[in-house]
Amino acid sequence: MSRTYWAAGAAVLLALLFATAATVSAASGGDGGDGAGTASRPPGLHSPDAGFARDMAVHHQQAVEMSFVVRDRTQDEAVRTLAYDIANTQANQRGMLLGWLDLWGLPKVVAGEPPMSWMGTGGEHSGHGAQEAVPGALMPGMATKEELAQLGTAGGRDAEVLYLQLMTDHHKGGVAMAEGCARQCATPAERDLARGMVEAQQSELTLMADMLRGRGAAPRGA
């Protein structure tokens, strides 16, 4: 488990490095060598680039919130460290995604735009490991208000297990969305960031499965 944790930590660091490089590239209008520079041809309002930035910013915000909640609901050092890593990484990435929208002159919210509509019709995202959004959740993987309230009142092992289960679902939805951007986004820096997200969150999924087993539990639906 210790080896898995350090592997996840390395993947988180890699994602942060990707994010830093991506922000510099986007701010300078770099095109990554394929002519898709953000300065000369900013993405359109309903492009995959803009849709991913908007949706993943919302997705990340809930992960940050859940991580801060569990930090105060348990004294388990492993869970608190994981929660800190997730909150720190995803808060930084969220700032970059929102910053890109500002650079592109695009709104952070588009009225009437269904979540994940940028991924295409016909259920394109459903074949890449993403579950459907549960009733009451905005996007696949996201927790409902009731689940967030339950996490806020749980304590000790119960809080740890629920957080790990909710975050496992959350990461699965996030990975599918990031894979969609890696395939569809035109901005090279954003594609690189999306690939970094996939690698980091897949490593954390392995870690969280180990942590759940250590607590006599399993991911939901397993």
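Coordinates for the structure precede this section.
One structure accompanies this document, and this report is about it. Computed from a prediction, not measured in an experiment: that's the story for all the values here.

1. Regarding unusual backbone geometry
Inference 1: Even without being glycine, Met116 reaches a positive phi, approximately 65°.
Inference 2: Within the secondary structure, Met116 is located in the loop between helix H3 (77-104) and helix H4 (145-153).

2. Observations concerning helix H5 (residues 156-184)
Inference 1: Here H5 contains 29 residues, and its C-alpha end-to-end distance of 42 Å stays within 8% of the 42 Å for a straight helix at 1.5 Å per residue.
Inference 2: Counting buried positions along H5 gives 22 out of 29 residues, so the element sits mostly inside the fold.

3. Details of the pattern of salt bridges
Inference 1: One pass over the full model with this rule turns up ten salt bridges.
Inference 2: Of the charged contacts in the structure, one is a salt bridge between Asp76 and Arg215, with a shortest N-O distance of 2.9 Å. Here Asp76 is found in the loop between helix H2 (48-71) and H3, whereas its partner Arg215 is found in the segment after helix H6 (188-214), with 139 residues between them in sequence.
Inference 3: A relative accessible area of 15% places Arg215 in the buried class.
Inference 4: Salt bridges here are not isolated pairs; linked through shared partners, they connect Asp76, Glu160 and Arg215.

4. Describing the packing of H4 against H5
Inference 1: Two numbers describe how H4 lies on H5: the axes approach to 9 Å, and their chain directions differ by 150°. With respect to H5, the axis of H4 lies roughly antiparallel. Of the two possible hands of crossing, H4 and H5 adopt the one that is left-handed. Residue-level contacts link Glu147, Gln150 and Leu151 of H4 to Ala159, Leu162, Tyr163 and Leu166 of H5.
Inference 2: Among the residues forming the contact of H4 with H5, the class breakdown is five nonpolar, one polar and one charged.

5. Re the packing of H2 against H6
The packing of two helices is summarised by the inter-axis angle and the distance between the axes.
Inference 1: Where H2 meets H6, the closest approach of the two axes is 11 Å, and the angle between their N-to-C directions is 35°. Considering only the axes of H2 and H6, their crossing is left-handed. For the pair formed by H2 and H6, the contact residues are Asp49, Phe52, Ala53, Met56 and His60 on the first element and Glu190, Ala194, Met197 and Gln201 on the second.
Inference 2: The residue inventory of the contact of H2 with H6, partitioned by class, reads five nonpolar, two polar and two charged.

6. Some details on the side chain of Thr168
Inference 1: Mapped onto the fold, Thr168 is located in helix H5.
Inference 2: Not counting the four nearest positions on each side in its chain, Thr168 is found in contact with Leu205, Met208, Leu212 and Pro219.

7. A look at the state of the cysteines
The term disulfide refers to a covalent linkage connecting the sulfur atoms of a pair of cysteines.
Inference 1: Applying the stated criterion across every chain yields a total of one disulfide.
Inference 2: In this model Cys181 forms its disulfide with Cys185; the gap between the sulfur atoms is 2.3 Å. Disulfide Cys181-Cys185: torsion about the S-S bond near -120°, hence left-handed.
Inference 3: When its relative accessible area of 0% is taken as the criterion, Cys181 is described as buried.
Inference 4: Look at Cys185 and you get buried, because its relative accessible area is 4%.

About the criteria used
- Residues numbered from 1 in each chain as written.
- Predicted model: local features only at pLDDT ≥ 70, side-chain atom pairs only at ≥ 80, totals over all residues.
- Heavy atoms only, no water.
- Helix = DSSP H or I, 4+ residues; strand = E, 2+ residues; numbered from the N terminus.
- Expected span 1.5 Å × (residues − 1).
- Buried < 20%, exposed > 50% of the residue type's maximum accessible area, 1.4 Å probe, protein only.
- Salt bridge = Lys/Arg side-chain N within 4 Å of Asp/Glu carboxyl O.
- Axes fitted to C-alpha atoms, helices over the stretch in contact; angles between N-to-C directions.
- Parallel < 35°, antiparallel > 145°, perpendicular 65-115°, else oblique.
- Left-handed = near helix turned anticlockwise from the far one by under 90°.
- Contact = heavy atoms within 4.5 Å.
- Nonpolar A, V, L, I, M, F, W, Y, C, P; charged D, E, K, R; others polar.
- Disulfide = S-S within 2.5 Å.

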